[in-house]
Amino acid sequence: QVQLVESGGGLVQAGGSLRLSCAASGIIFSMNVVGWYRQAPGKQRELVAAISSDGRTNYADSVKGRFTISRDNAKNTMYLQMNSLKPEDTAVYYCNARIRITFTARDYDYWGQGTQVTVSS
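Residues numbered from 1 in each chain as written. Predicted model: local features only at pLDDT ≥ 70, side-chain atom pairs only at ≥ 80, totals over all residues. Heavy atoms only, no water.

A. Looking closely at the pattern of salt bridges. Tallied over the entire structure, the rule returns 7 salt bridges. Ionic pairing is found between aspartate 89 and arginine 38, a salt bridge with its closest N-O pair at 3.0 Å. Taken together, the residues span a long stretch of sequence, with aspartate 89 in the loop between strand S8 (77-82) and strand S9 (91-100) and arginine 38 in strand S4 (residues 30-39) at a distance of 51 residues. Comparing aspartate 89 with arginine 38, the two get one shared label, buried. Of the charged contacts, one joins arginine 56 and aspartate 54 as a salt bridge, the two residues approaching to 3.1 Å between their closest N and O atoms. Assessed through its relative accessible area of 54%, aspartate 54 is described here as exposed. Three or more residues are tied together by salt bridges with common partners; here these are Arg38, Glu46, Arg66 and Asp89. (Salt bridge = Lys/Arg side-chain N within 4 Å of Asp/Glu carboxyl O. Helix = DSSP H or I, 4+ residues; strand = E, 2+ residues; numbered from the N terminus. Buried < 20%, exposed > 50% of the residue type's maximum accessible area, 1.4 Å probe, protein only.)

What follows is the structure in structure tokens.
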């Protein structure tokens, strides 16, 4: 019904930049909060950044000042601009969206398949 597809990951040197995109498709009545998570080897998944439907944002302390989350509601797409990347940012990045598919349905969280970001030192 709903699918999230990430793109933009890759290999970059420390100090470089990447822009991740996540496009949602399918039956979508509304999208509430959307966000980006990441999971590094041996670590639990953590929230990187989130943005509400009215534009309020929240960032992990480790990425504040370096990452910027945004969304294009008309395109059902979210973005994560990552600047000044560090080796510690290396992880699989997942997009997440809380979506309601009909007016009377409840919200559910949907996840993308993940995209690898590797930052070399």
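B. Region of the structure containing the sheet that holds strand S1 (residues 2-7). An order of S1-S3-S8-S7 is seen for the 4 strands of this open sheet, with the pairing classed as antiparallel. Every other strand in the sheet has two partners, leaving S1 and strand S7 (67-72) as the edge strands with one partner each. Neighbour-to-neighbour, the strand axes of this sheet turn through a mean angle of 15 degrees, independent of strand direction. As paired strands, S1 and strand S3 (residues 18-26) are joined by 6 bridges and run antiparallel to one another. Residue pairing across strands places leucine 4 opposite alanine 24, the latter belonging to S3. (Pairing = 2+ DSSP bridges. Axes fitted to C-alpha atoms, helices over the stretch in contact; angles between N-to-C directions.)

C. Representation of the environment of leucine 11 in the model. As for its placement among the helices and strands, leucine 11 is situated in strand S2 (residues 10-13). On the accessibility criterion, leucine 11 (65% relative accessible area) is exposed. Measuring from C-alpha to C-alpha, the distance between leucine 11 and threonine 118 comes to 4.8 Å, with 107 residues separating the pair along the chain. For leucine 11, the contacting residues outside a window of four places in its chain are Thr118 and Ser120. (Contact = heavy atoms within 4.5 Å.)

D. Highlighting unusual backbone geometry. With a phi close to 50 degrees, asparagine 76 is a non-glycine residue in the positive phi region. Along the polypeptide, asparagine 76 turns up in the loop between S7 and S8. Residue classification places asparagine 76 among the partly exposed residues on the basis of a relative accessible area of 25%. The phi angle at serine 84 is positive, at roughly 50 degrees, despite the residue not being glycine. By the element assignment, serine 84 lies in the loop between S8 and S9.

E. Structural detail: the packing of aromatic side chains. Here the structure, examined in full by the defined rule, presents 2 aromatic pairs. For the pair phenylalanine 29 and phenylalanine 103, a centre-to-centre distance of 5.8 Å together with 75 degrees between the ring planes defines the contact as edge-to-face. Separated by 74 residues along the polypeptide, phenylalanine 29 in the loop between S3 and S4 and phenylalanine 103 in the loop between S9 and strand S10 (108-111) bring together distant segments of the chain. You can call phenylalanine 29 partly exposed: its relative accessible area is 46%. Above the ring of tyrosine 79, the side-chain terminus of arginine 19 is found at 4.1 Å from the ring centroid. (Phe/Tyr/Trp six-rings, centres within 6.5 Å; stacked < 30°, edge-to-face > 60°. Lys NZ or Arg CZ within 6 Å of the ring centre and 35° of its normal.)

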